[in-house]
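Summary of structural features
For reference, the chains in residue letters:
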Amino acid sequence: MGISIALDGPSGAGKSTIAKEVARTLGYVYVDTGALYRSIGLYAYRLGKKTNDASEVVPLLSEIKLELKYIDGTQRVIMNGEDVSEAIRAPEIAMAASGVSAIPEVREFLLELQRNMAEKHNIVMDGRDIGTVILPNAQVKIFMTASAEERANRRLKEHLAKGQEISYEEILKEINERDYNDSHRAAAPLKKADDAVELDTSNLDINGAVSAVLGIIDRKLNALRPARGMAPAVNRFFYGFFRGFALFLLRIVMKVRYEGLENIPKSGSYVIAPNHHTVFDPVAVGAKINNISAYMAKEDIFDYKIAHALKIFHAFPVKRGKSDKSAIRTAIKWLDKGYNLTIFPEGTRSKDGKLGTFKSGVSFVASEANADVLPVGITRRKTRFGRTFLTVRYGKLIPYYKLKVNSLSSSELRHSRDIILNEVKGLIDE
């Protein structure tokens, strides 16, 4: 089951606009439930049916086939093979949608479609009863509000931008009527879920509202994550001595500069994901991090007896190019015990200094362990005298829920992996 974000609230509160941007930022699927009801309302309206009359609307449901498709990153609503994405936005269809949404059979008709999407994907879904009826177990529920007057102003601007002539008074009247109908209907009335966070957007612009919603999501999902401490203090004490000595030796060999130290978490365990240049990278990356790390290393390294000494530093083998369930279990075990986990997603050192292809294992482990990821960019250059200069740049922590993988589908794994890859690439490009 994926992560579900439920955004409820009255018409014109900005749910759809904000939900789309939040979904884009998180890399989640956006589900516009209002578009589904509008489509049924459109179908009944075109046939001249009373859209608030169950006896006229229910018989039509067997004739309607709805699909949500994503074309060039934009959600399109397909009804019986026709793209109705624009047609359903007409003012009269908004009222038709309010009418059909009060019919229990219509809501039941759409319920399975909406829940199936939540089962298969990480989603942001907006509507009026998402947190109370459609997705009562959603991890995050937000109830968005705004004054009727502010919502009318917003709608007026939308219509004028599209060249549609309508007065402010007409829109305000429609909004008040719809608010009353939605909150007084017998089937799934508009109301705030008991565990929802209320957000008033009256005095917020789009960017402010999106930031507020993302902040709520971040706090809610972090609260749900299993609490993790750090590796035992005694171990960290001795590890600190070794780390300082290793860094001293490293600086004899090459000059190391550190940037982004403020991005290193002061507590908790997480996955560290650097690019890979030299055999000194594990020491260089870990030197400024207080917590101890375990290391995932390619299996053939352990063919050499001397390499078994690495196990003292919690290194363990992983089979390259395969789904190594044993290695994944070991990785999660170290994270659960409070240690960090360092994975070099390229799988091997770069021979030409360029960033190589990332493997998907790093995002899968982070997702399965609910662990955040610290991206690290390492750049190397040599002087004409042969001395190596190394810059280690720590990026901002990537929240685990941005990497949530619900299945082993190649598309999900690639998307999750590319989030980390792009962060590391940005640190190198700087």
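As shown above, the structure is provided for reference.
This section reports on the structure supplied with the text. (Residues numbered from 1 in each chain as written. Predicted model: local features only at pLDDT ≥ 70, side-chain atom pairs only at ≥ 80, totals over all residues. Heavy atoms only, no water.)

Attention now moves to the packing of aromatic side chains. Summed over all chains, the structure comprises 3 aromatic pairs. Between Y258 and Y394, the ring centres sit 6.3 Å apart and the planes meet at 10°, which makes this aromatic pair stacked. Of this pair, Y258 sits in strand 9 (residues 254-259) while Y394 is found in strand 15 (residues 388-394), placing the two residues 136 residues apart along the sequence. Taken individually, Y258 and Y394 each receive the classification buried, so the pair is uniform in this respect. In this structure, R381 is placed above the aromatic ring of F389, and the distance from its NZ or CZ to the ring centre is 4.7 Å. (Phe/Tyr/Trp six-rings, centres within 6.5 Å; stacked < 30°, edge-to-face > 60°. Helix = DSSP H or I, 4+ residues; strand = E, 2+ residues; numbered from the N terminus. Buried < 20%, exposed > 50% of the residue type's maximum accessible area, 1.4 Å probe, protein only. Lys NZ or Arg CZ within 6 Å of the ring centre and 35° of its normal.)

A word on the pattern of salt bridges. For the coordinates displayed, the defined rule picks out 16 salt bridges. R128 is the partner of D182 in a salt bridge, and the nearest nitrogen-oxygen pair spans 2.9 Å. In this pair, D182 sits in helix 8 (residues 168-184) while R128 sits in the loop between strand 6 (123-127) and helix 6 (130-134), placing the two residues 54 residues apart along the sequence. The exposure class assigned to D182 is buried, which follows from its relative accessible area of 1%. (Salt bridge = Lys/Arg side-chain N within 4 Å of Asp/Glu carboxyl O.)

It is worth spelling out the packing of helix 13 (residues 361-369) against helix 14 (residues 410-429) at this point. The relative placement of two packed helices is expressed as an angle between their axes plus a distance between the axes. Relative to each other, helix 13 and helix 14 sit at 100°, their axes nearing to 8 Å. When the axes of helix 13 and helix 14 are compared, the pair comes out roughly perpendicular. Together, V362, S363 and F364 of helix 13 and L413, S416, R417 and I420 of helix 14 make up the contact between the two elements. Of the residues assigned to the contact of helix 13 with helix 14, the class counts are 4 nonpolar, 2 polar and 1 charged. (Axes fitted to C-alpha atoms, helices over the stretch in contact; angles between N-to-C directions. Parallel < 35°, antiparallel > 145°, perpendicular 65-115°, else oblique. Contact = heavy atoms within 4.5 Å. Nonpolar A, V, L, I, M, F, W, Y, C, P; charged D, E, K, R; others polar.)

Turning to the sheet that holds strand 2 (residues 29-32), a few remarks are in order. Here we have 5 strands laid out as an open sheet, ordered 2-6-1-7-8, and parallel in their pairing. Two strands in the sheet have a free side with no partner beyond their single neighbour: strand 2 and strand 8 (197-200). Across the sheet, the axes of successive neighbouring strands diverge by a mean angle of 20°, strand direction being ignored. As judged from the 5 bridges shared by strand 1 (residues 4-8) and strand 6, these two strands associate in the parallel manner. Its bridge partner being in strand 6, D8 is matched across the sheet by G127. (Pairing = 2+ DSSP bridges.)

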